[in-house]
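Spelled out from the first residue to the last, the chains are:
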Amino acid sequence: MASAVTEEFTMPEFSRRDALRLTALATAIPAFQAMFPTAAGAATPATAAAVGEGSAAGAVGASASPVPSSWVVKPFDNTRVTLAPSLFTDNRDRVLNFLHAYSADRMLAVFRTNAGLDTLGAQPPGGWETADGNLRGHYAGHFLSALCLAYAGTGEPAHKEKADYMVTALGECQDALGALVGTDDPAAPSHVGYLAAYPETQYIRLEQYATYPTIWAPWYTCHMIMRGLLDAYQHTGNHKALEIVLGMGDWAYSRLGHLPRTQLDRMWKIYIAGEYNAMPVVMADLYALTKDEKYLTTAKCFDNTYLFDAAVANEDTIDGEHANQHIPQYQGYLEIYEQTGEREYFDAAKNFWDMVVPHRTYVDGGMAGSGEIFGARDVIASTIQKSNAETCCVYNMLKLSRSLFFHTADPKYMQYYERALYGQILSSRQNTSSDTNPLLTYFVPVNPGARRSYGNLGTCCGGTGLETHAKFQDSVYFSSRDGSTLYVNLYLPSTLHWPERGLTVTQSTQYPTDPTGTSSLTVTGSGHLDLRLRVPYWAEQGFTVRLTESASGSTPSPAGTSR
């Protein structure tokens, strides 16, 4: 491709009704970076051999784990893509303002109290984050992840400084709790490495089959803390965060590694109390970093047999299940497949996705069902009500869709991704700023006359929303495994910096505010490049690709697009 080649993608003409519908859609993105993509952080000596080298094409960061052998497509590091002003950056900046302004000490208060440390006069945020709440501590994990993603996306030192402060404080809490191990103190954990905002009692009671609300998803909270710490390592290069999370992984193995499968299966079937979010993901991540088998063993402890076996057999049994309790499990299965090659884990994830899309989704990508519960297959209209389409569900479905695309390059996953990103996530943030409230949705209802409610400080959707709005750039462009092909997945004004190929790609577009307009790609650099443009599902009246400056072999053809 010659220097400064510009390609234009012209949107088809729409009726006024179509234009209004598309303009009303809003955005966001779930992310799942490569495996450990951070340009800022090199591997520690203890993990360097396991981490290995990044990709030759530079689509992942310098401290990334090797690209899984099953991937045919890989992401670029968040630092490689910058966003130009748009509806996305408007919402992102509102969230970044909240992250910058909100007190880290308030997020840490419940941890310090549990560890017997000074809270510095800070009070918990509220919502589900209260001094006696059974889910306390989870929101700090979301907050930490969002800070790290914000730093990767903007390079703003203040985000890293606040993240580093939180990591240091969490390490102090872990050390204080560890010092109690082996004593007769009632708060003493069973094993060094424990870190939470409450004693270990909830985990013990879950193993005795306690139900919600006696306990509230202790492994869910554990996941959020571990995810935040891993993001601090991956996106800011904080090695203390890796040390802390490895200790938590050791504790998790000590808690679960000896339990019989029958007991684990019964625990994971318990409504809400047995919810564990993406624990198999973080444990598989630790295995990818260290190759320590106990982490892979722990990841497999979270196999949820009754749903897993049905998904492997492609039997749709999810009617009536709590949607977000189970969606992240399938992301975990996909990561276990990446580490082991055990095909049933891939089949479970792929088959589950097909059970949800399109059979349990609204036109805007939200989950169809009653409240937080999956509805029956292909029963959509009768589920419409004022409280459904939970935002967290879309957050996790976007992660799963993205990862399945890495394995298959099947455009159907990115078609859903766009639908849900614009239709649910972008609209999940109120168009005003606040230093004290994230102003995010819990539900995005489609019921006629229903109004979205914004707020959710201290709730799950108020946490995932912080993350999604901090990483809009992570799925605009992907690369083929060998770096020979560029995938343009989203029509979003942005610039890709690809120094390994000597290329810069700048995209200009007014979509979705002007869905009938033109998107232009300006490619600066030289060399052969297979450019693949996703043809949106809504381009039903055709599309046109024009080259304004052509090089040898750069004639557009349908083979260079994906629909």
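Structural data are supplied above this passage.
Residues numbered from 1 in each chain as written. Predicted model: local features only at pLDDT ≥ 70, side-chain atom pairs only at ≥ 80, totals over all residues. Heavy atoms only, no water.

Colleague: Honestly, the overall build of the protein chain in this entry has me stumped. Any pointers?
Modeller: Looking only at helices and strands, the protein chain has 18 helices and 15 strands in total. Residues counted as buried form 63% of the 563 residues belonging to the protein chain. In the protein chain, the proportion of contacts linking residues at least 24 apart, taken out of those at least 6 apart, comes to 71%. Accessible area for the protein chain stands at about 19200 Å²; split by element, carbon and sulfur atoms hold 50% of it. (Helix = DSSP H or I, 4+ residues; strand = E, 2+ residues; numbered from the N terminus. Buried < 20%, exposed > 50% of the residue type's maximum accessible area, 1.4 Å probe, protein only. Contact = heavy atoms within 4.5 Å. Areas by Shrake-Rupley, 256 points an atom, 1.4 Å probe, with all protein chains shown as cover.)

Colleague: Help me understand the side chain of Ser 86 in this model?
Modeller: Assignment of secondary structure puts Ser 86 in the loop between strand S3 (81-83) and helix H3 (87-101). Residue Ser 86 is classed as buried on the basis of its relative accessible area, which comes to 15%. A polar contact is formed between the side chain of Ser 86 and the backbone nitrogen of Phe 88, at a distance of 3.1 Å. (Polar contact = N/O pair within 3.5 Å; in protein donor to acceptor, adjacent residues only side chain to side chain.)

Colleague: Just checking my understanding: could you explain the pairing of strand S11 (residues 503-508) for this structure?
Modeller: Regular strands place their side chains on alternate faces of the sheet. The alternating pattern of S11 places Leu 503, Val 505 and Gln 507 on a buried face and Thr 504, Thr 506 and Ser 508 on a face that is not buried. Adjacent in sequence and paired antiparallel, strand S10 (residues 494-498) and S11 are bridged by four residues, among which Gly 502 carries a positive phi angle near 65°. Alignment of S11 against strand S12 (residues 518-524), held across five bridges, turns out to be antiparallel. Paired with Gln 507 across the two strands is Leu 521, which belongs to S12. (Pairing = 2+ DSSP bridges.)

Colleague: Even after reading the chapter, I still don't get the side chain of Ser 475, so can you show me in this structure?
Modeller: Along the chain, Ser 475 falls in the loop between helix H18 (460-469) and strand S8 (477-480). Reaching out from Ser 475, the side chain makes a polar contact with the side chain of Arg 402 at a distance of 2.6 Å.

Colleague: How should I be thinking about the pattern of salt bridges in this particular structure?
Modeller: As a working rule, side chains carrying opposite charge can pair if their charged atoms are close by. Tallied over the full model, the rule gives 21 salt bridges. Between Lys 294 and Asp 250 there is a salt bridge whose closest N-O contact spans 3.4 Å. Here Asp 250 lies in helix H9 (residues 239-256) and Lys 294 lies in helix H12 (residues 293-301), a separation of 44 residues in the sequence. Put simply, Asp 354 and Lys 350 hold a salt bridge, and the shortest N to O gap is 3.8 Å. Residue Asp 354 and its partner Lys 350 are located together in helix H15 (residues 343-356), separated by four residues, close to a single helical turn. (Salt bridge = Lys/Arg side-chain N within 4 Å of Asp/Glu carboxyl O.)

Colleague: Explain the packing of aromatic side chains here, please?
Modeller: Each aromatic ring pair is characterised by the separation of its centres together with the angle its planes make. Under the defined criterion, the tally for this structure stands at 35 aromatic pairs. Ring geometry for Trp 268 against Phe 302: centres 5.0 Å apart, planes inclined by 25°, an arrangement best described as stacked. Of this pair, Trp 268 sits in helix H10 (residues 261-268) while Phe 302 sits in the loop between H12 and helix H13 (305-312); the two residues are 34 residues apart in sequence, bridging distant segments of the chain. Judged by its relative accessible area of 0%, Phe 302 falls in the buried class. Summarising the aromatic geometry, the rings of Phe 406 and Phe 478 are spaced 5.0 Å apart at their centres and angled 65° between planes, so their arrangement reads as edge-to-face. Here the residue Phe 406 occupies a position in helix H16 (residues 391-408), and Phe 478 occupies one in strand S8, the gap between them amounting to 72 residues. What makes Phe 406 buried here is its relative accessible area of 0%. Looking at Phe 478, the relative accessible area reads 0%, which means it is buried. What links up through ring pairs into an aromatic cluster is the set Tyr 194, Tyr 198, Tyr 203, Trp 219, Trp 251, Trp 268, Tyr 276 and Phe 302. (Phe/Tyr/Trp six-rings, centres within 6.5 Å; stacked < 30°, edge-to-face > 60°.)

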